[in-house]
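# Descriptive analysis of the structure
If you want the building blocks of each chain, they are given just below.
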Amino acid sequence: MSAQTTVAAEACRVTRVFGEGPGRVDAITDISLRIHRGEFLAIMGPSGSGKSTLLHLLGGLDEPTCGSVKLNGQDLGTMSDDQITQLRRRHIGFVFQAFNLLPVLTAAENVALPLVIDGCSEAEADTKARAALARVGIADRAHHYPGELAGGEQQRTALARALCADPVLLLADEPTGNLDSRSSEQIIALLRKLVDEQGQTVVMVTHDAGHAAMADRLITLRDGRIEDEHALTRGRSTDVVLQELEPSP
């Protein structure tokens, strides 16, 4: 397999500047980064270090001031807005701190909605949505509305929505920020399991060093630049973590 086909996403000398003159903010400066298929990459750094900006650039939610971002070898800078929108919808999954679920839709309907918007039939979208909910362990909550779900279940629903189209890249921006410690550990262990068992590529921004330790590689940002980068060695099975965190019968 060539180096190109093992790379899910790539940033090449990416810089992002906001504003001009005295109000200029250099959010990201000259960052180069490769994310390999089936890798779990964690990004840490103090507030204002550029973590979310980098994630948004990788996901096509923002454009670099200079440099290039590629997904599956495709340069996002050469694509139209409509093409980037379609690429995000079909090849990139997003999970944010806020669950962003529509309160009037059930869990299954929330997960299915992006597929329907993309032209999938309601029946096929519902089938895929239920399969995605099963992947994250809440198949039995498909008919419940967000207000009837615990915080961890809401984030699992958001994760199922992100996974529903089998994305090349899953981007998680502080996915445990609104969760208690137990639910947070479950979500991180679930992300790890998706990588290990299904080959999902995950990039996660986090402030939690313990959560970052579940990744394969850690990048630390400071003042918009990569300060440190190293591989990680994990000591515990995610199956054990998940079993310990499941509610007692």
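Anything mentioned here points back to the structure above.
Owing to the predicted nature of the structure, the values given are computational and were not obtained by experimental measurement.

## Quick look at the sheet that holds strand β10 (residues 225–231)
Read across the sheet, six strands follow the order β6-β7-β8-β3-β9-β10 without closing on themselves; strand pairing throughout is mixed. Each edge of the open sheet carries a strand with a single partner, namely β6 (92–96) and β10. When strand polarity is set aside, the average angle formed by the axes of neighbouring strands in this sheet is 15°. Helix α1 (residues 51–58) contacts β3 (40–44), β6, β7 (169–173), β8 (202–205) and β9 (217–222) of the sheet and is inclined by roughly 155° relative to β7.

## Details of the pattern of salt bridges
By the definition in use, this model includes 15 salt bridges. We note a salt bridge from Asp30 to Arg13, for which the minimum N-O separation is 2.8 Å. With Asp30 in strand β2 (residues 25–36) and Arg13 in strand β1 (residues 7–18), this residue pair connects regions lying 17 residues apart in the sequence. Look at Asp30 and you get partly exposed, because its relative accessible area is 35%. Of the charged contacts, one joins Asp26 and Arg24 as a salt bridge, the two residues approaching to 2.9 Å between their closest N and O atoms. Judged by relative accessible area, Arg24 falls into the partly exposed class, the value being 48%. Here the salt bridges share partners, and the residues they tie into one network are Glu39, Arg217 and Glu229.

## Structural notes on the packing of aromatic side chains
When we look at a pair of aromatic rings, we describe it by the centre distance and by the angle of the planes. Inspection of every chain in the model, using the stated rule, returns one aromatic pair. Taken together, a centroid distance of 5.9 Å and an interplanar angle of 5° make the contact between Phe94 and Phe96 stacked. For Phe96, a relative accessible area of 25% translates into the label partly exposed.

## Some thoughts on the packing of helix α3 (residues 107–117) against helix α5 (residues 151–163)
Remark: α3 packs on α5, axes separated minimally by 8 Å, with the N-to-C direction vectors making an angle of 30°. If you check the angle between α3 and α5, you find them roughly parallel. Once α3 is placed against α5, the crossing between them reads as right-handed. For the pair α3 and α5, the contacting residues are Ala107, Asn110, Val111 and Pro114 in the first and Thr157, Ala160 and Arg161 in the second.

Cut-off values and rules
Residues numbered from 1 in each chain as written. Predicted model: local features only at pLDDT ≥ 70, side-chain atom pairs only at ≥ 80, totals over all residues. Heavy atoms only, no water. Pairing = 2+ DSSP bridges. Helix = DSSP H or I, 4+ residues; strand = E, 2+ residues; numbered from the N terminus. Axes fitted to C-alpha atoms, helices over the stretch in contact; angles between N-to-C directions. Contact = heavy atoms within 4.5 Å. Salt bridge = Lys/Arg side-chain N within 4 Å of Asp/Glu carboxyl O. Buried < 20%, exposed > 50% of the residue type's maximum accessible area, 1.4 Å probe, protein only. Phe/Tyr/Trp six-rings, centres within 6.5 Å; stacked < 30°, edge-to-face > 60°. Parallel < 35°, antiparallel > 145°, perpendicular 65-115°, else oblique. Left-handed = near helix turned anticlockwise from the far one by under 90°.

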